[in-house]
Amino acid sequence: MLDADTRNSELFAMFAPPLAQVVYLREVEGWAEFANILNAREEPNVVVSLPANIGDEIAEQSEFLAEALAGMGRHLVLFWTMNRSPQSVALLRPTLETIGRTATATVAVRNLYFGDRDRFGRWNESKTRKDFIAAGGLEMDLPDLLDSVVDATILANPTRRFVSLDGLSYAHRLVAKRWLGQCYAEYDRLAPKLGLGDR
């Protein structure tokens with residue numbers, strides 16, 4: 001896992017080395033480091049967490065990224081996580097015009113922390129969504145997780161990963177396992193179309 005969100009490095013905090021590394025993609029040198037890290041990793045799948053407002057840098061480096069991925073024989077699957085704001089919809093189109101051209105698959109993810117899927121009206125009824133689906137884009141939902149379980153796991157200090165739920169109450173373990181099951185079901189539904197293999 002590569003965490004490029006250096007201001008809010010939650011992925012790095014949760015997984016830490018050697019599973020996770022931080023890479024700085026606000027500068028050209030960081031993109032060169034990114035390519036070297038990808039080339040050195042043997043794992044077939046690498047998760048990269050990008051920060052908000054990095055669209056300009058991605059646009060500038062999209063050709064470099066496409067060439068690097070092709071040279072390594074790697075494929076890009078883009079997950080676009082949305083809240084219910086207009087920006088979540090509006091910023092998808094320019095992203096697809098830059099980094100999206102390199103992606104072999106693109107998934108729009110409704111983050112249900114912000115409400116049920118029916119409340120994502122700005123996305124659900126948008127022309128952007130219609131064009132996205134018509135072009136082969138995929139959709140999935142990220143289920144909401146009980147706040148008290150988030151506090152006891154993701155936001156705990158130190159962070160507690162879901163592979164080790166020891167120390168949680170019975171109810172919190174049950175809620176966490178059910179949430180993971182929902183996430184896996186969403187992923188499994190799309191996996192054959194993403195070319196990522198089994199989990």
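Keep in mind that this is a model prediction, so the values were computed, not measured.

Analysis parameters
- Residues numbered from 1 in each chain as written.
- Predicted model: local features only at pLDDT ≥ 70, side-chain atom pairs only at ≥ 80, totals over all residues.
- Heavy atoms only, no water.
- Buried < 20%, exposed > 50% of the residue type's maximum accessible area, 1.4 Å probe, protein only.
- Axes fitted to C-alpha atoms, helices over the stretch in contact; angles between N-to-C directions.
- Helix = DSSP H or I, 4+ residues; strand = E, 2+ residues; numbered from the N terminus.
- Parallel < 35°, antiparallel > 145°, perpendicular 65-115°, else oblique.
- Left-handed = near helix turned anticlockwise from the far one by under 90°.
- Contact = heavy atoms within 4.5 Å.
- Nonpolar A, V, L, I, M, F, W, Y, C, P; charged D, E, K, R; others polar.
- Phe/Tyr/Trp six-rings, centres within 6.5 Å; stacked < 30°, edge-to-face > 60°.
- pLDDT = per-residue confidence, 0-100.
- Expected span 1.5 Å × (residues − 1).
- Salt bridge = Lys/Arg side-chain N within 4 Å of Asp/Glu carboxyl O.
- Core = buried A, V, L, I, M, F, W, Y, C linked by side-chain atoms within 4.5 Å.
- Bend = angle between axes of the 7 residues up to and from the residue.
- Pairing = 2+ DSSP bridges.

Here the bond from N157 into P158 is cis, since omega is 5°, no more than 30 degrees from zero. Of note, the phi angle at N53 is positive, near 60°, even though the residue is not glycine. Judged by its relative accessible area of 71%, N53 is exposed.

Closest axis-to-axis distance for the helix α2 (residues 28-40)/helix α3 (residues 55-72) pair is 11 Å, and the angle between their directions is 25°. Overall, the two elements α2 and α3 adopt an arrangement that is roughly parallel. You can see that α2 and α3 cross each other, and the crossing is right-handed. Contact residues: V28, W31, A32, F34, A35, L38 and N39 in α2; E57, I58, Q61, F64, L65, A68, L69 and M72 in α3. A breakdown of the residues in the contact of α2 with α3 according to their chemical character gives 12 nonpolar, two polar and one charged.

Further remarks concern the packing of aromatic side chains. Aromatic rings in a pair are described by how distant their centres are and how their planes are angled relative to each other. Per the counting criterion, the structure on display carries four aromatic pairs. Ring plane angle 90° and centroid distance 5.1 Å describe the contact between Y113 and F114, whose orientation is recorded as edge-to-face. On the accessibility criterion, Y113 (53% relative accessible area) is exposed. Aromatic side chains W123 and F132 sit 5.7 Å apart centroid to centroid with 70° between the ring planes, which places their arrangement in the edge-to-face category. F132 carries the same exposure label as W123, and that label is buried.

A few words on the confidence of the model for the protein. Residues at a pLDDT of 70 or more form 98% of the protein, whose mean pLDDT is 90. Ranking the elements of the protein by mean pLDDT puts helix α1 (residues 10-15) last, at 77, and strand β6 (residues 138-142) first, at 97.

The end-to-end C-alpha distance of α2, which contains 13 residues, comes to 19 Å, matching closely the 18 Å that a straight helix rising 1.5 Å per residue would cover. Each element contacted by the buried residues of α2 is listed here: β1 (2-3), β2 (21-22), β3 (48-49) and α3.

Summed over the entire model, instances satisfying the criterion amount to nine salt bridges. R26 is paired through a salt bridge with E57; the nearest N and O atoms lie 3.7 Å apart. Remark: E57 occurs in helix α3 and R26 occurs in the loop between β2 and α2; sequence separation between them is 31 residues. For E57, a relative accessible area of 18% puts it in the buried group. For R117, the salt bridge identified is with D141, shortest N-O distance 3.0 Å.

Ranked by internal contacts, the top residues of the largest apolar core, which has 16 residues, are L25, F34 and L65. If you list the elements that add at least two residues to this core, you get α2, α3 and β4 (76-82). By residue number, the principal contributor to this core is α2, which donates four residues. Leave out the neighbours within four places in its chain, and L25 touches A4, G30, W31, F34, L50, I54 and E57. Counting residues in each nonpolar core, the second largest holds 11 residues, with L145, V149, A152 and F162 among its members.

Moving on, we come to α3. Across its 18 residues, α3 extends 24 Å between first and last C-alpha, which sits within 8% of the 26 Å expected from 1.5 Å per residue. Residue Q61 marks the point of greatest curvature in α3, where the axis turns by about 55°. Summarising the contacts, the buried residues of α3 are in contact with α2 and β4. Count one or two residues on from α3 and you reach G73, which has phi positive near 70°.

Moving on to the pairing of β6. Counting buried residues in β6 gives four out of five residues, a clear majority hidden from the surface. As paired strands, strand β5 (residues 103-111) and β6 are joined by five bridges and run parallel to one another. The residue of β6 that forms the bridge with R110 is D141.

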